[in-house]
Amino acid sequence: MLSHDRVWAAIDALAERYSLSASGLARRAGLDSTAFNKSKRLSSDGRPRWPSTESLAKIIEATGASLEEFTGLVEGRGASAAHQRRAVPLLGFAQAGAGGFFDDAGYPAGQGWDLVELPARATETSYALQVQGDSMLPLYRNGDVLIVEPGAPTRKGDRVVVKTTAGEVMAKVLDRQTVKSIVLVSLNPAHPDRDILTHDIEWMARIVWASQ
């Protein structure tokens, strides 16, 4: 049976599954950081306050979770999955531009990768890149870990990592993709957007998860 307590418990469980606090989950979804605070779950007169369907849709989209995954948490199924971990290869952005770390398709290759344990949503082909510096603020901060899924389909609005044939590696938002080029919007407004010719792109992979 759907209940106020179970819905809020599912939000907490979803945040934990993706290594976020309740406030971190709210920020990731573009909501006020206090939206999921425990003090917001009851009105001033003590009546239960339910999260809006819009808020639920935003946190599902922001984490990349499925509707089935969230409803499973509401029903109390899969709670233990929050503690399942998978070790994936980890590399810093500064090192990613050097040769020898990726094959032609953008999958990890060679030596020099560390390992990091991440939530169960990481697949066998996932790998992690660690943000270095402030070029991706305000979305990603120094030390954040981005989970990248090579081969995953990309579409307008996806956050992606792109490596050029010149060895430059960048994380941006995919704005447009044609046969001739791709247009990327910078995460940090201080950095310019990019229009890159297709033949200058070595590979592009979608960011499917990020630590906070």
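Above this text sits the structure in question.
My aim in this report is to walk through the structure given alongside it, one point at a time. (Residues numbered from 1 in each chain as written. Predicted model: local features only at pLDDT ≥ 70, side-chain atom pairs only at ≥ 80, totals over all residues. Heavy atoms only, no water.)

### Notes on the overall build of the chain
Item 1. When helices and strands are tallied, the chain shows five helices and nine strands.
Item 2. The order of α-helices and β-strands along the chain, N terminus first, is α-α-α-α-β-α-β-β-β-β-β-β-β-β.
Item 3. Its C-alpha atoms give the chain a radius of gyration of 19 Å, near enough to 17 Å, the size a compact globule of 212 residues would have.
Item 4. For the C-alpha atoms alone, the extent of the chain along its principal axes is close to 60 × 35 × 30 Å.
Item 5. The proportion of buried residues among the 212 residues of the chain is 42%.
Item 6. Restricting to contacts in the chain with at least 6 residues of sequence separation, those with at least 24 account for 59%.
Item 7. Carbon together with sulfur atoms contributes 51% to the accessible area of the chain, which is approximately 11,200 Å² in total.
Item 8. Taking the average location of the 24 positive side-chain charges in the chain and that of its 25 negative ones, the two points are 6 Å from each other. (Helix = DSSP H or I, 4+ residues; strand = E, 2+ residues; numbered from the N terminus. Rg over C-alpha atoms; globule rule 2.2 N^0.38 Å. Buried < 20%, exposed > 50% of the residue type's maximum accessible area, 1.4 Å probe, protein only. Contact = heavy atoms within 4.5 Å. Areas by Shrake-Rupley, 256 points an atom, 1.4 Å probe, with all protein chains shown as cover. Lys, Arg positive; Asp, Glu negative; His and termini not counted. Charge placed at Lys NZ, Arg CZ, Asp CG, Glu CD.)

### A look at the nonpolar core
Inside soluble globular proteins, nonpolar side chains tend to come together where they are buried.
Item 1. Residues Ile11, Phe36, Ile59 and Phe70 are the most contacted members of the largest nonpolar core, which totals 28 residues.
Item 2. Elements supplying a minimum of two residues to this core: helix 1 (4-17), helix 2 (22-28), helix 3 (53-63), helix 4 (67-74), strand 1 (85-92), strand 4 (145-149) and strand 9 (201-210).
Item 3. The element that contributes the greatest number of residues to this core is helix 1, accounting for six residues.
Item 4. Apart from the residues lying within four places of it in its own chain, the contact partners of Ile59 are Ile11, Leu14, Leu25, Ala29, Leu31, Phe36 and Phe70.
Item 5. Core analysis: the second largest hydrophobic core is formed by 21 residues, Leu91, Tyr140, Trp203 and Ala205 among them. (Core = buried A, V, L, I, M, F, W, Y, C linked by side-chain atoms within 4.5 Å.)

### Overview of the packing of aromatic side chains
Item 1. Counted by the stated rule, this structure contains six aromatic pairs.
Item 2. Here the aromatic rings of Trp8 and Phe36 are separated by 6.0 Å at their centres, their planes lie at 70°, and the arrangement is edge-to-face. Placement of Trp8 in helix 1 and of Phe36 in the loop between helix 2 and helix 3 is noted, with a sequence separation of 28 residues between them.
Item 3. Using a relative accessible area of 4% as the deciding quantity, one classes Trp8 as buried.
Item 4. With a centroid separation of 5.6 Å and 75° between ring planes, the pair formed by Trp113 and Tyr127 is classed as edge-to-face. A residue pair is termed long-range when its members are at least 10 positions apart, and Trp113 in the loop between helix 5 (93-96) and strand 2 (114-119) and Tyr127 in strand 3 (residues 127-130) qualify at 14 residues. For the pair Trp113 and Tyr127, a shared accessibility class is recorded, and that class is buried. (Phe/Tyr/Trp six-rings, centres within 6.5 Å; stacked < 30°, edge-to-face > 60°.)

### Some points on the pattern of salt bridges
Here the idea is simple: oppositely charged side chains can pair when their charged atoms come close.
Item 1. For the structure on display, the rule yields eight salt bridges.
Item 2. Note that Glu54 and Lys58 form a salt bridge whose closest N and O atoms lie 3.4 Å from each other. Taken together, the residues Glu54 and Lys58, both in helix 3 and four residues apart, mark about one turn of the helix.
Item 3. Residue Arg176 is joined to Asp175 by a salt bridge in which the shortest nitrogen-to-oxygen separation is 3.8 Å. (Salt bridge = Lys/Arg side-chain N within 4 Å of Asp/Glu carboxyl O.)

### Focus on the layout of surface pockets
Item 1. In this structure, the largest pocket encloses a volume near 570 Å³.
Item 2. Looking at the largest pocket, it is lined by 20 residues, and the ones nearest its centre are Glu61, Ala62, Gly157, Asp158 and Arg159.
Item 3. Among the elements that line the lining of the largest pocket, the one with the most residues is strand 9, at five residues.
Item 4. Residues that form the lining of the largest pocket fall into these classes: eight nonpolar, three polar and nine charged. (1 Å grid on protein atoms, 1.4 Å probe; cavity = no way out; pocket = protein on both sides within 12 Å on 5 of 7 lines; lining within 4 Å. Points joined across faces, edges and corners; volume = space filled by probe spheres on them. Nonpolar A, V, L, I, M, F, W, Y, C, P; charged D, E, K, R; others polar.)

### Some points on helix 1
Item 1. Counted at 1.5 Å a residue, the expected span for helix 1 with its 14 residues is 20 Å, and the 20 Å between its end C-alpha atoms agrees.
Item 2. Taken together, the buried positions of helix 1 are His4, Val7, Trp8, Ala10, Ile11, Ala13, Leu14, Ala15 and Arg17. (Expected span 1.5 Å × (residues − 1).)

### With respect to the pairing of strand 4
Item 1. Burial analysis of strand 4 places five of its five residues in the buried class, the great majority of the element.
Item 2. Neither face of strand 4 is left uncovered, since the one carrying Val145, Ile147 and Glu149 and the one carrying Leu146 and Val148 both have all their residues buried.
Item 3. Where strand 3 and strand 4 come together, four bridges link them in antiparallel fashion. Residue pairing across strands places Leu129 opposite Leu146, the latter belonging to strand 4.
Item 4. Bridging between strand 4 and strand 9 involves four bridges; their strand directions are antiparallel. (Pairing = 2+ DSSP bridges.)

### Topic: helix 4
Item 1. Residues of helix 4 that are buried include every one of Glu69, Phe70, Gly72, Leu73 and Val74, and no others.
Item 2. For helix 4, the secondary structure elements touched by its buried residues are helix 1 and helix 3.
Item 3. Positive phi shows up at Gly76, right after helix 4, with a value of about 85°.

### Section: the side chain of Asn188
Item 1. Inspection of the secondary structure puts Asn188 in the loop between strand 7 (181-186) and strand 8 (194-197).
Item 2. Among the polar contacts listed, one links the side chain of Asn188 to the backbone oxygen of Leu137, at a separation of 3.5 Å.
Item 3. Setting aside anything within four residues of it in sequence, one finds Asn188 in contact with Asp134, Ser135, Met136 and Leu137. (Polar contact = N/O pair within 3.5 Å; in protein donor to acceptor, adjacent residues only side chain to side chain.)

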